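What follows is the residue order along each chain.
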Amino acid sequence: MTRQAARRHPPPLDTARHVPLGRPGTPRDIAQAAAFLASEEASHVPGAHLVVDGGWSAVLPGPLT
């Protein structure tokens, strides 16, 4: 990988350092979101995009390419 490509696509742990929650997401994070959407507590959520990304999309300057 070239240095330029490495800057554009940092390794996951380096990227996770920039996530507002400060850690990479886990399968459990996704499972808990799915369990919520399948639960009675989400009965008034008929359709929505539930973003489970630790706040990453809130601070992203633009789309990843």
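Asks: Which residues make up the overall build of the protein chain, and what values do they have?
Replies: Assigned secondary structure in the protein chain consists of four helices and zero strands. Looking at the protein chain as a whole, 9% of its 65 residues are labelled buried. Accessible area of the protein chain: about 5,600 Å², with a carbon and sulfur share of 62%.

Asks: Account for the pattern of salt bridges, naming residues and giving values.
Replies: If you walk through the whole model with that rule in mind, you get one salt bridge. Two residues, R23 and D29, come together in a salt bridge whose shortest N-O distance is 2.9 Å.

Asks: Account for the environment of L50, with residues named and values stated.
Replies: Residue position: L50 is located in the loop between α3 (27-38) and α4 (56-59). Expressed as a C-alpha distance, the spacing of L50 and L37, which sit 13 residues apart in the sequence, is 8.9 Å. With sequence-adjacent residues up to four places away left out, L50 is seen in contact with A33 and L37.

Asks: Account for a nonpolar patch on the surface, naming residues and giving values.
Replies: Among the surface-exposed residues, I30, F36, L37, V45, L50 and V52 lie close enough to one another that they form a single nonpolar patch of about 500 Å² accessible area. Within the secondary structure, I30 is located in helix α3. On the basis of relative accessible area, I30 is assigned to the partly exposed category, the value being 48%.

Asks: Quick one: what's the story with the environment of L21, residue by residue and with numbers?
Replies: Mapped onto the elements, L21 comes out in the loop between α2 (12-17) and α3. Its relative accessible area of 59% is what places L21 among the exposed residues. For the pair formed by L21 and D53, sequence separation is 32 residues and the distance between their alpha carbons is 9.0 Å.

Thresholds, definitions, all that
- Residues numbered from 1 in each chain as written.
- Predicted model: local features only at pLDDT ≥ 70, side-chain atom pairs only at ≥ 80, totals over all residues.
- Heavy atoms only, no water.
- Helix = DSSP H or I, 4+ residues; strand = E, 2+ residues; numbered from the N terminus.
- Buried < 20%, exposed > 50% of the residue type's maximum accessible area, 1.4 Å probe, protein only.
- Areas by Shrake-Rupley, 256 points an atom, 1.4 Å probe, with all protein chains shown as cover.
- Salt bridge = Lys/Arg side-chain N within 4 Å of Asp/Glu carboxyl O.
- Contact = heavy atoms within 4.5 Å.
- Patch = residues over 30% accessible without salt bridge, like charges linked within 9 Å, V, L, I, M, F, W, Y side chains within 5 Å.

Remember, this is a structural readout, not a statement about activity or role.
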